[in-house]
Amino acid sequence: MTSFGVRLAAAMDRFGPLCTGIDPHAQLLRAWDFSADIDGLKRFADICVEVFAGRVALVKPQVAFFEVYGSGGIVVLEDTIAALREAGTLVLADAKRGDIGSTMAAYAQAWLGDGPLGCDAVTVSPYLGFGSLAPALETARADDRGLFVLAATSNPEAAQLQRGTAADGRVVAQSMIDAAAEHNAGPEFGSVGVVVGATLAEPVDIGALNGPVLMPGVGAQGGGAESIRALIPAAHRGAVVPAVSRELLGAGPSVAAMRTKLLKLADEFAFLHS
């Protein structure tokens, strides 16, 4: 198998840069006139698979919205992951796992291994220290999977930590990006990406990353093409993966309406690969 970074780059070339979310929160289930239970969850996920499979570069299920239903929700998540991957669509588990030692290794095995929850990549938190990610980095490298490391998120609570100054004088978020870049050395597009909010007030430097930049906050949260242009220099925009979730899901449950919205969003962000 080729590396996750290479597979993602090929998928972005084929389908465009969008990462589409599967966020079955209770309010959206009600908006779709679905019950907020296992049956409604499954119907929601099945429609998302029908709309996204074979049509986008990356799909990002938010695992918390499945976990809330217990074991039944996990089964729906497993089935959703399997259906997307069977269609050849890359899957990013938005699990934001972060721990140390054997616990981090177990998280990596769960989300990046060959088990029923195994995906192509997983989001991870480095805020127990970037070194705490070592087991996940090792698993990703060994199994040709990927990581997206939380770096500069745009929620207001993050600034106190992420925009602070590290011991070496760098902004903490920048130190996380630089640490990720060290794992992407070489000519190929790297498999260790970072998460950078599309609504940040101040840009970060991704010039040396050589890997994907997942940018949530697009659409309903206020980010868009212009905010990405303001944050990311033109030379590096080909690495950007805009994450679109609630704006797109708001067009459901009609498959046709969601596909129309997907095409509109694809046009909006086509400049990233122009």
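Residues numbered from 1 in each chain as written. Predicted model: local features only at pLDDT ≥ 70, side-chain atom pairs only at ≥ 80, totals over all residues. Heavy atoms only, no water.

Chemist: Could you give an account of the pairing of strand 3 (residues 90-97), with specific residues and numbers?
Modeler: With respect to burial, strand 3 is a largely interior element, 7 of its 8 residues being buried. Both strand 2 (residues 58-61) and strand 3 contribute to a ladder of 2 bridges, which runs parallel. What sits directly across from Val59, in strand 3, is Val91. In this structure, strand 3 lies alongside strand 4 (residues 121-124), joined through 3 bridges in parallel fashion. Bridge pairing links Leu92 to Ala121 in strand 4. Viewed along the sheet, the connection from strand 3 through helix 6 (residues 101-112) into strand 4 turns out right-handed. (Buried < 20%, exposed > 50% of the residue type's maximum accessible area, 1.4 Å probe, protein only. Helix = DSSP H or I, 4+ residues; strand = E, 2+ residues; numbered from the N terminus. Pairing = 2+ DSSP bridges. Right-handed = clockwise from strand over helix to strand, strands pointing away.)

Chemist: Hey, could you go over the environment of His25 for me, with residue numbers and the actual values?
Modeler: Mapped onto the elements of the fold, His25 is located in the loop between strand 1 (19-22) and helix 2 (26-31). Considering only alpha carbons, one finds His25 and Phe44, 19 residues apart in sequence, at a separation of 10 Å. Ignoring any residue separated from it by four or fewer positions in sequence, one finds His25 in contact with Phe65 and Arg246. Of the polar contacts made by the side chain of His25, one reaches the side chain of Gln27; its length is 3.1 Å. (Contact = heavy atoms within 4.5 Å. Polar contact = N/O pair within 3.5 Å; in protein donor to acceptor, adjacent residues only side chain to side chain.)

Chemist: Quick rundown of the pattern of salt bridges? Include the residues and the values.
Modeler: Evaluation of the coordinates by the stated rule reveals 12 salt bridges. Residue Asp94 is joined to Lys60 by a salt bridge in which the shortest nitrogen-to-oxygen separation is 3.1 Å. Separated by 34 residues along the polypeptide, Asp94 in strand 3 and Lys60 in strand 2 bring together distant segments of the chain. We note that Asp94, like Lys60, is buried. The structure contains a network of salt bridges with shared partners spanning Arg7, Arg85 and Asp120. (Salt bridge = Lys/Arg side-chain N within 4 Å of Asp/Glu carboxyl O.)

Chemist: Before we move on, can you summarise the packing of helix 3 (residues 38-52) against helix 12 (residues 255-268) with the specific residues and values?
Modeler: Interhelical geometry of helix 3 versus helix 12 gives an angle of 50° and a closest axis separation of 10 Å. By the criterion of interaxial angle, the relationship of helix 3 to helix 12 is oblique. Judged by the twist between their axes, the crossing of helix 3 over helix 12 is right-handed. In contact with Ile47, Glu50, Val51 and Phe52 of helix 3, helix 12 contributes Val255, Met258, Arg259 and Leu262. (Axes fitted to C-alpha atoms, helices over the stretch in contact; angles between N-to-C directions. Parallel < 35°, antiparallel > 145°, perpendicular 65-115°, else oblique. Left-handed = near helix turned anticlockwise from the far one by under 90°.)

Chemist: Hey, could you go over helix 7 (residues 134-143) for me, with residue numbers and the actual values?
Modeler: For helix 7, every residue scored as buried is listed here: Pro135, Ala136, Leu137, Thr139 and Ala140. As for helix 7, its buried residues are in contact with helix 6, strand 5 (146-152) and strand 6 (192-196). Following helix 7 by one or two positions, Asp144 adopts a phi angle in the positive range, close to 60°.

Chemist: Now, about the side chain of Asp94: what can you tell me, with residues and values included?
Modeler: Asp94 sits in the buried class, given a relative accessible area of 6%. Of the polar contacts made by the side chain of Asp94, one reaches the side chain of Lys96; its length is 2.7 Å. With sequence-adjacent residues up to four places away left out, Asp94 is seen in contact with Lys60, Pro61, Gln62, Val63 and Thr123.

Chemist: Would you mind going over the environment of Asp168 in detail, with residue names and values included?
Modeler: You can see Asp168 is positioned in the loop between helix 8 (159-162) and helix 9 (172-181). Within the structure, Asp168 has its side chain in polar contact with the side chain of Arg170 (distance 2.6 Å).

Chemist: Talk me through the layout of surface pockets; I want residue IDs and the actual numbers.
Modeler: Reported here for the largest pocket is a volume of approximately 530 Å³. Around the largest pocket sit 24 residues that line it, and Asp94, Lys96, Pro216, Gly217 and Gln221 are the ones nearest its centre. Sorting the residues of the lining of the largest pocket by element identifies strand 3 and helix 11 (246-249) as the ones contributing at least two each. Among the residues forming the lining of the largest pocket, the class breakdown is 8 nonpolar, 10 polar and 6 charged. Roughly 260 Å³ of volume is contained in the second largest pocket. Taken together, 15 residues make up the lining of the second largest pocket; nearest its centre are Arg141, His183, Asn184, Ser191 and Val192. Those elements that place two or more of their residues in the lining of the second largest pocket are helix 7 and strand 5. In terms of residue count, the dominant contributor to the lining of the second largest pocket is helix 7 (3 residues). Looking at side-chain class alone, the lining of the second largest pocket contains 5 nonpolar, 6 polar and 4 charged residues. (1 Å grid on protein atoms, 1.4 Å probe; cavity = no way out; pocket = protein on both sides within 12 Å on 5 of 7 lines; lining within 4 Å. Points joined across faces, edges and corners; volume = space filled by probe spheres on them. Nonpolar A, V, L, I, M, F, W, Y, C, P; charged D, E, K, R; others polar.)

Chemist: A description of the nonpolar core should follow, citing residues and the corresponding values.
Modeler: Counting residues in hydrophobic clusters, the biggest one holds 78 residues, and the most contacted among them are Phe44, Phe52, Met215, Ile228 and Phe269. For this core, the element with the highest residue contribution is helix 3, accounting for 8 residues. Ignoring sequence-local partners within four residues, the contact set of Ile228 consists of Met215, Val218, Val240, Pro242, Phe269, Phe271 and Leu272. Among the nonpolar cores identified, the runner-up in size contains 16 residues, and Phe4, Leu8, Leu150 and Ala243 belong to it. (Core = buried A, V, L, I, M, F, W, Y, C linked by side-chain atoms within 4.5 Å.)

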